[in-house]
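Structural overview for review
Next come the chains, spelled out residue by residue.
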Amino acid sequence: MNREKDTVYTSHRNSGWNRPKAAVRKKRRRRPFLVLTLLLLAAFSVVYGMILFTPAAEPKKVSAIQSIKAPITKIISTHPDYNISVSIVDTKTNEAAHLGYGSTYTAASTTKLLTAALTMSEVEAGNLSLDDYINGSLVSWHLQQMINQSNNQSWKTLNQNFGQEKVEAYAKQLELDTYNYTDNLISAKDMSKLLTKLYRAELVNKANTKLILGHMRQTNDDSFIPAIAETTKIKVYHKYGWLESNIHDVAILESIDKAWVLAIYTNPKNNQQNATISRDIIHMVTELVTAKLTGQPGQQL
């Protein structure tokens, strides 16, 4: 009898279905789930810790020129009966903002700066001398009169001396794509490009650049950009243009550590001249720009 019991017990033990064996198998099936749970808890702890203790990223700073776009756009939008273009360029970084009407204007006298740059370029090339006489006056006199006094006869004299083909070729060389000699057209963006190149002495050497800039101070009409921007902190070099309803001013605003180009073109859509409104627009834009340039509080709009 004891043998039979032993035999039965042995067969049960080796059969694979007795209770001790089943319990062991069940225990082993639980281990992967437990390990996975622990890994997920550990990963969550790491991620949560990184979120909790990682400092928040600082908001991206907006540059002075970019921050001025909205208030200038507001000035433009409050004058729907006007075509207004404003171009601003940082001469150091080349950062720029071109706002408002994007097409060309009758440039009036602002393109006299193109003729001035060509004049000094020809002098440097040995094709002309400031001591040469054209129509009974020195080239140096025509240059000063054209820029500083906005003398149209001197401008005509120099342009005729060069000829339309040479002036147009020079504008094309400078990539002033909107310039039109026949109708004297240009965009504010292209004019700001010309002034930026001039200030950087990329058109002529430093001495001749200084000569041109010198004629752009204390001109025969400083009632536009200089009236607002010229302070102890900013020196203004400018050339205004005024032909019928087209009233513009283009300038280089030079502070202690930087210089911005500012070109403002205005023209009422009905072509009815209103110098007061045009001057007010130029003044409002200039006040905003100079405030940003110097870091001082500006006009509240």
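Up top you'll find the structure we're talking about.
Residues numbered from 1 in each chain as written. Predicted model: local features only at pLDDT ≥ 70, side-chain atom pairs only at ≥ 80, totals over all residues. Heavy atoms only, no water.

**Comments concerning the overall build of the protein**
In terms of regular secondary structure, the protein is built from 12 helices and nine strands. Classification of the 301 residues of the protein by burial places 41% in the buried group. A sequence separation of at least 24 residues applies to 60% of the contacts in the protein between residues at least 6 apart. Split by element, the accessible area of the protein, about 17200 Å² in all, is 54% carbon and sulfur. (Helix = DSSP H or I, 4+ residues; strand = E, 2+ residues; numbered from the N terminus. Buried < 20%, exposed > 50% of the residue type's maximum accessible area, 1.4 Å probe, protein only. Contact = heavy atoms within 4.5 Å. Areas by Shrake-Rupley, 256 points an atom, 1.4 Å probe, with all protein chains shown as cover.)

**Quick look at the pattern of salt bridges**
The tally for this structure, following the rule as stated, stands at five salt bridges. A salt bridge links glutamate 122 to lysine 166; its shortest N-O distance comes to 3.0 Å. In this pair, glutamate 122 sits in helix α5 (residues 112-124) while lysine 166 sits in helix α8 (residues 164-173), placing the two residues 44 residues apart along the sequence. The class of glutamate 122 is buried, set by a relative accessible area of 10%. A salt bridge links aspartate 257 to lysine 258, with the nearest nitrogen and oxygen atoms 3.6 Å apart. The partly exposed category is assigned to aspartate 257, whose relative accessible area is 46%. (Salt bridge = Lys/Arg side-chain N within 4 Å of Asp/Glu carboxyl O.)

**Side note on helix α9 (residues 188-199)**
The terminal C-alpha atoms of α9, which comprises 12 residues, lie 16 Å apart, in line with the 16 Å expected from a rise of 1.5 Å per residue. By the burial criterion, the buried members of α9 are Ala188, Asp190, Met191, Ser192, Leu194, Leu195, Thr196 and Leu198. Within two residues after α9, alanine 201 carries a phi angle of roughly 60°, on the positive side. (Expected span 1.5 Å × (residues − 1).)

**Structural notes on the pairing of strand β9 (residues 259-268)**
For β9, a buried count of 10 out of 10 residues is recorded, marking the element as mostly surrounded by other parts of the structure. Going residue by residue along β9, you find Ala259, Val261, Ala263, Tyr265 and Asn267 tucked away on one face and Trp260, Leu262, Ile264, Thr266 and Pro268 tucked away on the opposite face as well. Sheet topology places strand β1 (residues 82-90) next to β9; nine bridges connect them, and they run antiparallel. Directly across from valine 86, in β9, lies its bridge partner isoleucine 264. (Pairing = 2+ DSSP bridges.)

**Overview of the layout of surface pockets**
Each pocket or cavity is described by its volume, and for the largest pocket that value is around 160 Å³. Looking at the largest pocket, the residues that line it are Val89, Asn94, Ala96, His98, Lys189, Ser192, Lys193, Thr196, Lys197, Arg200 and Glu202. Listing elements by their share of the lining of the largest pocket, those giving two or more residues are β2 (96-100) and α9. With five residues, the top contributor of residues to the lining of the largest pocket is α9. Class assignment of the residues belonging to the lining of the largest pocket gives a composition of two nonpolar, four polar and five charged. (1 Å grid on protein atoms, 1.4 Å probe; cavity = no way out; pocket = protein on both sides within 12 Å on 5 of 7 lines; lining within 4 Å. Points joined across faces, edges and corners; volume = space filled by probe spheres on them. Nonpolar A, V, L, I, M, F, W, Y, C, P; charged D, E, K, R; others polar.)

**Focus on the side chain of threonine 266**
Assignment of secondary structure puts threonine 266 in strand β9. Note on threonine 266: relative accessible area 0%, which makes it buried. Setting aside its immediate chain neighbours within four residues, threonine 266 contacts Tyr82, Asn83, Tyr105, Ser245, Asn246, Ile247, His248, Ser278, Ile281 and Ile282.

**Section: the packing of aromatic side chains**
Here the structure, examined in full by the defined rule, presents four aromatic pairs. Where phenylalanine 224 meets tryptophan 242, the ring centres are 6.0 Å apart and the plane angle is 75°; that geometry is what we call edge-to-face. On the criterion of sequence distance, the pair formed by phenylalanine 224 in the loop between α10 (206-215) and α11 (225-229) and tryptophan 242 in strand β7 (residues 235-243) is long-range, its members being 18 residues apart. In this structure tryptophan 242 comes out as partly exposed when scored by relative accessible area, which is 32%. Seen from the ring of tyrosine 240, lysine 239 lies directly overhead, with NZ or CZ sitting 4.2 Å from the centre. (Phe/Tyr/Trp six-rings, centres within 6.5 Å; stacked < 30°, edge-to-face > 60°. Lys NZ or Arg CZ within 6 Å of the ring centre and 35° of its normal.)

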